[in-house]
Amino acid sequence: MRVLGVDPGLTRCGVGVVEGVAGRPLTMAGVGVVRTPPDMELAHRLVAVERGIEQWLDEHRPDCVAVERVFSQHNVRTVMGTAQASAVAMLCAARRDIPVALHTPSEVKAAVTGSGRADKAQVGAMVTRLLRLDAPPKPADAADALALAICHIWRAPAQNRLQQAVAAHRTLKGRPA
């Protein structure tokens, strides 16, 4: 499985591609950041994020796109920018019929470090270790994107089995899946 992880943001949108399956060593296929200038008009920043994501989709052809689920923060402007960049990533994937998975920050941290309260340095250190890299990807947005992809690869099989069980249960109860 090849997963494009997206850590959404307007100024820095982290992107990282990881390949592998749960229980086996994983490989990084690419990592980077799509950047937009803060003084650029919002609509043009979203177009720039879209172009960047499209380039990553063209180059890496992922099987799935894992995006950080936007959560409530105190700074509404930050939340809005993150949500808008997140929507752009989901739209780009949906246009190509690539499945999209959303993972919360604490879910990603727990999957990669064992603690949902890990800090950025711990996430970066574990991503470096898990992908056998020489150094943590910089900036942290890039490491976070790789962590999203790793989380999805490790959790997707269990999530798929759960969805299948729910669908089978509904079918037995006479309701459409």
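1. Topic: the overall build of the protein chain
No. 1: A tally of regular secondary structure across the protein chain gives 5 helices and 5 strands.
No. 2: Its helices and strands in sequence order give the protein chain the pattern β-β-β-α-β-α-β-α-α-α, from N to C terminus.
No. 3: Against the 2.2 N^0.38 benchmark of 16 Å for 177 residues, the protein chain shows a C-alpha radius of gyration of 17 Å, consistent with a compact globule.
No. 4: Long-range contacts, defined as pairs at least 24 residues apart, comprise 62% of the intrachain contacts of the protein chain with a sequence gap of at least 6.
No. 5: Carbon together with sulfur atoms contributes 54% to the accessible area of the protein chain, which is approximately 9,700 Å² in total.

2. Considering helix α4 (residues 120–130)
No. 1: All buried positions along α4 are accounted for by V123, G124, V127 and T128. Buried residues of α4 fall within an arc of 135° about the axis and therefore sit on the same side. Exposed and facing more than 90 degrees away from the buried side of α4 are A121 and R129.
No. 2: For α4, the N-terminal capping position is held by D119, with its side-chain oxygen 3.2 Å away from the main-chain nitrogen of A121.
No. 3: Immediately downstream of α4, the backbone of R132 shows phi near 55°, a positive value.

3. Examining the pairing of strand β2 (residues 12–19)
No. 1: When you tally the buried positions in β2, you get 6 out of 8 residues, the bulk of the element.
No. 2: Direction of pairing for strand β1 (residues 2–7) relative to β2: antiparallel, over a ladder of 6 bridges. Looking at the pairing, D7 lines up with G14 of β2.
No. 3: Between the end of β1 and the start of β2, which pair antiparallel, lie 4 residues.
No. 4: In terms of strand pairing, β2 meets strand β3 (residues 27–35) through 8 bridges, oriented antiparallel. For E19, the partnering residue across the bridge sits in β3 and is T27.

4. A short note on the side chain of H103
No. 1: Positionally, H103 belongs in strand β5 (residues 100–103).
No. 2: Classification of H103 as buried rests on a relative accessible area of 0%.
No. 3: Here the side chain of H103 touches H152 through a polar contact of 3.0 Å, side chain to side chain.

5. Focus: the sheet that holds β5
No. 1: Spatial ordering of the open sheet is given by β3-β2-β1-β4-β5, a layout of 5 strands whose pairing is mixed. Looking at strand neighbours, the two that pair on one side only are β3 and β5, the edges of this open sheet. Across the sheet, the mean angle separating the axes of adjacent strands is 20° when strand polarity is ignored.
No. 2: With 4 bridges joining them, β1 and strand β4 (residues 64–68) adopt parallel strand pairing. If you follow L4 over to β4, its bridge partner there is V65.
No. 3: On the sheet, helix α2 (residues 76–95) packs against β1, β4 and β5 and is oriented at approximately 170° with respect to β4.

6. A short note on the packing of helix α3 (residues 105–113) against α4
No. 1: Viewed as axis vectors pointing N to C, α3 and α4 meet at an angle of 50°, and their least axial separation amounts to 9 Å. By the angle class used here, α3 and α4 are oblique. When you trace α3 past α4, the crossing you get is left-handed. On the side of α3, the interface is formed by K109, V112 and T113, while α4 contributes Q122, V123, M126, V127 and L130.
No. 2: Of the residues that constitute the contact of α3 with α4, the class distribution is 5 nonpolar, 2 polar and 1 charged.

Criteria and cut-off values
Residues numbered from 1 in each chain as written. Predicted model: local features only at pLDDT ≥ 70, side-chain atom pairs only at ≥ 80, totals over all residues. Heavy atoms only, no water. Helix = DSSP H or I, 4+ residues; strand = E, 2+ residues; numbered from the N terminus. Rg over C-alpha atoms; globule rule 2.2 N^0.38 Å. Contact = heavy atoms within 4.5 Å. Areas by Shrake-Rupley, 256 points an atom, 1.4 Å probe, with all protein chains shown as cover. Buried < 20%, exposed > 50% of the residue type's maximum accessible area, 1.4 Å probe, protein only. Arc of directions from axis to C-beta. Polar contact = N/O pair within 3.5 Å; in protein donor to acceptor, adjacent residues only side chain to side chain. Pairing = 2+ DSSP bridges. Axes fitted to C-alpha atoms, helices over the stretch in contact; angles between N-to-C directions. Parallel < 35°, antiparallel > 145°, perpendicular 65-115°, else oblique. Left-handed = near helix turned anticlockwise from the far one by under 90°. Nonpolar A, V, L, I, M, F, W, Y, C, P; charged D, E, K, R; others polar.

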